Structure formats: C-alpha cells, structure tokens
Amino acid sequence: MPTREQVIEALRAVIDPELRRDIVELEMVRSVDIHENGVVDVMVSLTTPGCPIRSHFQTGVAQAVGGLEGVSAVNISFDVLNDNEKAALGRKLGRGSLPEGALAQVSNVICVGSGKGGVGKSSVTANLAAALAASGKSVGVLDADVWGYSQPRMMGLGAERPRVNAERKLVPLTAHDGIKVMSIGFFVEQDAAIVWRGPMLHKALQQFLEDVEWGELDYLLIDLPPGTGDVSMTLAQLLPQAKFVIVTTPQPVAQKVARRSAEMATKLKLEIAGVVENMSGFVAPDGERYPIFGEGGGQLLADELEVPLLAKVPLTMALREQSDRGVPLVFSDPDDPAAQALYQGARGLIALSPVELPVMQEPAPAAAPKPVGMSLPMA
C-alpha cells in the first residue's frame, strides 16, 4: 500500500501542458485519500470550468498513481480554483493571468527563425504550413515577426479583422485549406510601422498565444523575427517545449549568423528540430544550375548542430510570385522544385514531431515574467 507521500511524488510526473509545471508544484492536487483495499482517490483543481485539458489530467493521474505498487484502482475527481487561488498562482508564476486552454489542444509548436533577415524565413513558414495542411494536418500560423509581418499577404488575407467570440477569445482568420492565421498586421493600418519596446511586444505575444482560440491543431508554426532579440526570448519563456527550425541560405556568412540563433535556442533550452536551406540554387530554363549563393551552408550547419537538414529549397520564380499573390506555392504548383523541397521539409517535421500531446513528462523551465504594456483591441 503506497503512502500519501509516495502518491504525491508520483503526481509530480503529471505536467500542465500550458503552464509547463507539475500539478504538485502548481498546488493543483486538492486531496489524496488512500483506502485499505488499494483504491486511491485524487482530486485535482482545474484553472477554469470546462477545462479542455481535463482528460489530459485524468489520463496522467491514472497512469502516475496506477503504477504504484499496491494500488488497485484510481478514482479521479475535479474542482476549480477559486479567484483568490488563481490570483495567488498567477503571482507565484509571475503572470498577470492564467491561460484558459488556448494552447491546450495544440500538439506541436514549431518556431521558424533565422539569424538574419532576407533569407526567406516567412515564405518558408507559409509554405511549410501549407504542405502540412496538404498532408492532412490541422495547422495554425502565428506571425510573430512584429516589425516585418508578412503572413497576411502571403496567405492571401486582406483587411478583415479577427472577431471576438463569446468567451472573449480572438478567432484566427482562416486561409487556404483551413490554415488558421494570426498576425499583428490584422490590428494596424495596412503597411503601418510597428514601433514598440520589449514589454509591449511581450504583452502582445502573450495575448496571441493565450487569448486566441486556436482550437485543436497538430502544428502551430510561429514566424519569428530575425535575430535573437526580445521576441525570441519571450516565446522561449512562454513555450519552453517548442521546437526550433533554422532557415539559412547556403553562403558561409549566412550560415555563421544562423549559428547564433541556434546558440540562443540552446541557451533557452529549445530543441532544434532541423535546418532548412533556402535559395539553394537557380535552375535556368535550359536546365543549367547556378549556385548563386554558394553551396553547402545548410548541410554544414545541420552537421555542426547534429540535426537533420530538412530541405534544400531552390530559387524559383514561382515561389516569389505566389508569395506576392497570397497563394502558397505548394498549393498553386506542387510540382515546382521549390514546392517539392518544402513538402520534403514538412514530411521531416511530421517524422520528428509527436502527434499527440504528451501526458507525462519532465518539468520544463519557469514561465515568463509578468508582462506589461498595451493590450490588443478585443472588440
């Protein structure tokens, strides 16, 4: 028969998938009762009524406690933290508010970044999202490149503004094949410049993650701004279990700069999923190939990081034209060499990524500091 201390210790394996900490540390274990016949009753406190990850906790608690010697059955019940308890937990985590399930049903978060601008990171993001959608996956795209937002144009979305649902959540706009898209570009005048300091960016990004009704997604792709600044660090804090895809061009200079992004991901304990080499070469109409930006930078970076080279995307006129037209190339011309390479990259992500939200895992780093700054318009 296990002791109460043993049950509590076992419950440390059950992780809240949004707060990224175990339910014991979060003080979500309301009560534990152990009966002589080996039945253990556990009550877990949820952060919100009708929590969409209730089944996640039910499965995790059953597995964690059921594996203890002498346990014959596990009964799990739920209640809800009251306002004072939620406020205390928010202060403990350094947050103004607790998430209410916006990312609870997102299985995989992929941050797409680069060390420098101009390497085609946004077009790679848009087409990877399209390729994943064409492969039968449910996909969302968060345009976190606040200064250089371009996903609305690349996804063919105009001046429409996201609506707010009855739960006061922003509803993403939907592009081709059901891809959900959210961008700061939906909230400002077209082509307006964003002049914000770090705290304002942090607040906006937290809202995009927690105040958007993302729903069930196999993949949420986040288009990062180039470099290793505030936005990348904020997302690493808010999403400590995200994976990182690095986009580079073949020349040594770009490869060395991209290495800095990899160093940032490593320092912030983000897993690097792989490398995409963009602009790998241009094939002329006569069939001759011109390595305009050199050769091999993507493979060298992948080898150095000991991660796969997910794709080598050649320069094609169609890739640029379709990005300007707002139709991802993998939809408009799937036989184009660049589209084929991007499909290969999407298949690589599918092979590397679990398709189900993990129930039990090791605790992740602490959550982000309390954000300050302006809020996005919600009505």
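Residues numbered from 1 in each chain as written. Predicted model: local features only at pLDDT ≥ 70, side-chain atom pairs only at ≥ 80, totals over all residues. Heavy atoms only, no water.

Draft legend 1. Broad picture of the overall build of the protein chain. A tally of helices and strands in the protein chain yields twelve helices and twelve strands. In the protein chain, which comprises 379 residues, the share counted as buried stands at 54%. Put simply, 77% of the contacts in the protein chain that link residues at least 6 apart link residues at least 24 apart. Accessible surface for the protein chain amounts to roughly 16,400 Å². Of this, 50% is attributable to carbon and sulfur atoms. (Helix = DSSP H or I, 4+ residues; strand = E, 2+ residues; numbered from the N terminus. Buried < 20%, exposed > 50% of the residue type's maximum accessible area, 1.4 Å probe, protein only. Contact = heavy atoms within 4.5 Å. Areas by Shrake-Rupley, 256 points an atom, 1.4 Å probe, with all protein chains shown as cover.)

Draft legend 2. Structural context of the confidence of the model for the protein chain. Overall, the predicted model of the protein chain reaches an average pLDDT of 81, with 81% of residues at or above 70. Low pLDDT, under 50, characterises residues 362-368; the stretch is placed with 23 contacts to residues that sit more than four places away or in other chains. (pLDDT = per-residue confidence, 0-100.)

Draft legend 3. Focus on unusual backbone geometry. Even without being glycine, Glu27 reaches a positive phi, approximately 60°. With respect to the helices, strands and loops of the structure, Glu27 is situated in the loop between helix H1 (4-11) and strand S1 (29-34). Under the relative-accessibility criterion, Glu27 is labelled exposed at 59%. Of note, Glu306 is a non-glycine position whose phi angle comes to about 60°, a positive value. Structurally, the position occupied by Glu306 is in the loop between helix H9 (297-305) and strand S12 (309-315).

Draft legend 4. Broad picture of the pairing of strand S9 (residues 243-248). Summarising burial for S9: six of the six residues are buried, a large majority. Residues of S9 alternate between two faces, with Lys243, Val245 and Val247 on one and Phe244, Ile246 and Thr248 on the opposite face, all of them buried. Of the strand pairs in this sheet, strand S4 (residues 106-113) and S9 are connected by four bridges, and their pairing is parallel. Its bridge partner lying in S9, Gly113 is registered against Ile246. As paired strands, S9 and strand S10 (residues 271-283) are joined by six bridges and run parallel to one another. Looking across to S10, one finds that Ile246 is bridged to Val275. (Pairing = 2+ DSSP bridges.)

Draft legend 5. Summary view of the pattern of salt bridges. Going through the model one piece at a time under the given rule, you end up with six salt bridges. In this structure, Arg12 engages Glu9 in a salt bridge whose closest nitrogen and oxygen atoms are separated by 3.3 Å. In this structure Arg12 comes out as partly exposed when scored by relative accessible area, which is 34%. (Salt bridge = Lys/Arg side-chain N within 4 Å of Asp/Glu carboxyl O.)

Draft legend 6. Structural view of the sheet that holds strand S2 (residues 39-46). A sheet is described by the order of its strands in space; here three strands give the open sequence S1-S2-S3, paired in mixed fashion. Pairing within the sheet leaves two strands with one partner each, and these edge strands are S1 and strand S3 (73-80). Across the sheet, the mean angle separating the axes of adjacent strands is 15° when strand polarity is ignored. As defined by bridge partners, S2 adjoins S3 across eight bridges and the pair is classed as parallel. Its bridge partner lying in S3, Ser45 is registered against Asp79. Seen against the sheet, H1 touches S1 and S2 and runs at an angle of roughly 135° to S1. The strands that helix H2 (residues 54-66) touches are S2 and S3; relative to S3, the one it contacts most, it runs at about 145°. (Axes fitted to C-alpha atoms, helices over the stretch in contact; angles between N-to-C directions.)

Draft legend 7. How the structure looks around the pairing of strand S8 (residues 217-223). The buried fraction of S8 amounts to six of the seven residues, a majority that puts the element mostly inside the structure. Two strands pair when backbone bridges link them, and strand S5 (residues 139-143) and S8 are joined in this way by five bridges, in the parallel orientation. Bridged to Leu142 within S8 is Ile222.

Draft legend 8. Region of the structure containing the environment of Pro162. If you trace the backbone, Pro162 turns up in the loop between helix H5 (151-154) and strand S6 (173-174). Taking the C-alpha atoms as reference points, Pro162 and Pro172, ten residues apart in sequence, are found 5.9 Å from one another. Excluding its chain neighbours within four sequence positions, the residues that come into contact with Pro162 are Leu170, Val171, Leu173, Met182, Phe186 and Phe187.

Draft legend 9. Fine view of the packing of helix H4 (residues 121-134) against helix H12 (residues 337-352). Their axes nearest at 8 Å, the elements H4 and H12 cross at an angle of 70°. With respect to H12, the element H4 is oriented roughly perpendicular. Here the hand of the crossing between H4 and H12 comes out right-handed. Along its contact with H4, which presents Val124, Asn127, Leu128, Ala131, Leu132 and Ala134, the element H12 presents Leu342, Tyr343, Gly345, Ala346, Leu349 and Ile350. Taken together, the residues that form the contact of H4 with H12 break down as ten nonpolar, two polar and no charged. (Parallel < 35°, antiparallel > 145°, perpendicular 65-115°, else oblique. Left-handed = near helix turned anticlockwise from the far one by under 90°. Nonpolar A, V, L, I, M, F, W, Y, C, P; charged D, E, K, R; others polar.)

Draft legend 10. Geometry of the layout of surface pockets. The space that makes up the largest pocket amounts to roughly 660 Å³. Forming the walls of the largest pocket are 35 residues, and the residues nearest its centre are Tyr149, Ser150, Arg153, Met154 and Ser323. Counting residues per element, the ones that place at least two in the lining of the largest pocket are H4, H5, S10, S12 and helix H10 (317-325). Considering each element in turn, the lining of the largest pocket owes the most residues, four residues, to H10. (1 Å grid on protein atoms, 1.4 Å probe; cavity = no way out; pocket = protein on both sides within 12 Å on 5 of 7 lines; lining within 4 Å. Points joined across faces, edges and corners; volume = space filled by probe spheres on them.)

Draft legend 11. Region of the structure containing H12. In this model, H12 (16 residues) spans 23 Å end to end at C-alpha, consistent with the 22 Å of a helix rising 1.5 Å per residue. Among the residues making up H12, those that are buried are Ala338, Ala339, Ala341, Leu342, Tyr343, Gly345, Ala346, Gly348 and Leu349. For H12, the N-terminal capping position is held by Asp336, with its side-chain oxygen 2.9 Å away from the main-chain nitrogen of Ala338. (Expected span 1.5 Å × (residues − 1). Polar contact = N/O pair within 3.5 Å; in protein donor to acceptor, adjacent residues only side chain to side chain.)

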